[in-house]
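The primary structure of each chain is shown beneath.
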Amino acid sequence: MGLKNRIVVLSSGRGSNFCAIADGITQGKIPNAEIVGLISNRSDALALSHAKLRAISYHVIESKLYRANNKFDRPTYEKPLLSLLLSLKPDLILLAGYMLVLGKEIIQTFPKKIINIHPSLLPKFRGLHAQKQALENGEKETGCTVHWVTEGLDEGPTILQARVPILPNDTEESLSLRLLPLEHETYVSALKLILK
Ligand code: GAR
């Protein structure tokens, strides 16, 4: 068997996309890959227990410790994050519900190695609450985008997109719930494309 691509996943919370990727690898849907670590910026992230259950090594770098007077000191927070990432020698870094912006230094250290999933049809609705933005804009459909991460927020080249209809009675919650399984499928398919 050849060498496997080393994948590191960053997640801030629930971790359902992380689970879909981890299980996609286990089930052979994503070839030539192994997850060598999960990193969260929150010690209370559910993603951590999903990693533990799957015997995947996990790490916390608590981002709130780098916040003072309502200001986030990203450069200082990203120092231990960068060291940890380097030590894991990733071939791919996957953002999966990582709710912080990645700084320039990390992005430049891993060119063409960082991928994100965003819950909209980019370039529409960048940033937070993308599903709510789509609803409020009166869209008839929205979707998700798996894309390469570049320095512009939610801006890098698209790998794969998928669409869902927006229904008349949708709320942010119902729409997000309908989109989620599609996000899982789309992330797995995108990785399959890249790693085959
Ligand atoms: C997902 O909907 C993902 O697309 C979104 O956060 C959720 C994480 O869920 N990401 C963003 O909004 C990034 N800007 P998960 O933790 O269950 O994968």
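Residues numbered from 1 in each chain as written. Predicted model: local features only at pLDDT ≥ 70, side-chain atom pairs only at ≥ 80, totals over all residues. Heavy atoms only, no water.

Peer 1: Is there a simple way to explain unusual backbone geometry in this structure?
Peer 2: Glycine aside, a negative phi is what most residues show, and trans is what most peptide bonds show. For the peptide bond that leads from L122 to P123, omega is 15°, which places it in the cis range. Within the element layout of this structure, P123 appears in the loop between β7 (114–118) and α5 (130–136). Notably, A55 is not glycine yet its phi reads approximately 55°, a positive angle. Mapped onto the secondary structure, A55 falls in the loop between α2 (46–53) and β3 (58–60). Positive phi values are uncommon outside glycine, yet N69 reaches one of about 50°. Here N69 is to be found in the loop between β4 (67–68) and β5 (71–72). (Helix = DSSP H or I, 4+ residues; strand = E, 2+ residues; numbered from the N terminus.)

Peer 1: Is there a simple way to explain the environment of V9 in this structure?
Peer 2: Tracing the backbone shows V9 in strand β1 (residues 5–10). Residue class for V9 comes out buried when judged on its relative accessible area of 0%. Put simply, V9 and A190 are 181 residues apart on the chain and 15 Å apart in space, counted from C-alpha to C-alpha. Those residues in contact with V9, other than ones at most four positions away along the chain, are F18, I35, G37, L38, I39, L94 and A96. (Buried < 20%, exposed > 50% of the residue type's maximum accessible area, 1.4 Å probe, protein only. Contact = heavy atoms within 4.5 Å.)

Peer 1: Looking at this structure, how should I read the side chain of T145?
Peer 2: Here T145 is to be found in strand β8 (residues 141–148). From its side chain, T145 meets the backbone oxygen of S120 in a polar contact 2.6 Å long. Every residue in contact with T145, bar those within four places of it in the chain, is listed here: N116, I117, H118, S120, L121, L122, T158, L160 and Q161. (Polar contact = N/O pair within 3.5 Å; in protein donor to acceptor, adjacent residues only side chain to side chain.)

Peer 1: Could you clarify how one ought to interpret the nonpolar core in this entry?
Peer 2: It is characteristic of soluble globular proteins that their nonpolar side chains tend to be buried jointly. With 38 residues, the main nonpolar core has I7, I35, L94 and Y187 as its most contacted residues. Here the element with the most residues in this core is helix α6 (residues 172–195); it accounts for eight residues. Ignoring anything within four residues of it in the chain, the contact list for Y187 reads N17, I21, L94, L95, A96, I115, N116, I117 and V146. By size, the runner-up hydrophobic cluster in this structure holds 22 residues, among which are Y77, L84, Y98 and L102. (Core = buried A, V, L, I, M, F, W, Y, C linked by side-chain atoms within 4.5 Å.)

Peer 1: Looking at this structure, I do not really get helix α1 (residues 16–26). What am I missing?
Peer 2: For α1, the buried fraction is high: nine of the 11 residues fall into the buried class. Residues of α1 that are buried make contact with β1, β2 (33–40), α2, β6 (92–95), β7 and α6. Of the residues trailing α1, G28 is marked for its positive phi of about 75°.

Peer 1: What am I meant to see in the pairing of β6 here?
Peer 2: Consecutive side chains of a regular strand alternate in pointing toward one face of the sheet and then the other. With burial as the criterion, each face of β6 is covered, one bearing L92 and L94 and the other bearing I93 and L95. Bridge count for β1 against β6 is four bridges, and the pairing is parallel. Counterpart to L10 in the pairing with β6 is L95. The handedness of the β6 to β7 crossover, carried by helix α4 (residues 104–109), is right-handed. (Pairing = 2+ DSSP bridges. Right-handed = clockwise from strand over helix to strand, strands pointing away.)

Peer 1: I'm lost on the sheet that holds β7 in this one. Help?
Peer 2: The strands making up a sheet are joined through hydrogen bonds of the backbone, oriented either antiparallel or parallel. Here we have seven strands laid out as an open sheet, ordered β3-β2-β1-β6-β7-β8-β9, and mixed in their pairing. Two strands bound the open sheet, and with one partner strand each, they are β3 and β9 (158–165). Here the average twist between neighbouring strands, direction ignored, is 20°. By the bridge criterion, seven bridges tie β8 to β9 in an arrangement that is antiparallel. When the sheet's bridge partners are listed, T142 is paired in β9 with V164. Where α1 meets the sheet, it contacts β1, β2, β6 and β7, and its direction lies at approximately 160° from that of β2. Contacts from α6 reach β1, β2, β6, β7, β8 and β9, with the element oriented near 155° to β9. (Axes fitted to C-alpha atoms, helices over the stretch in contact; angles between N-to-C directions.)

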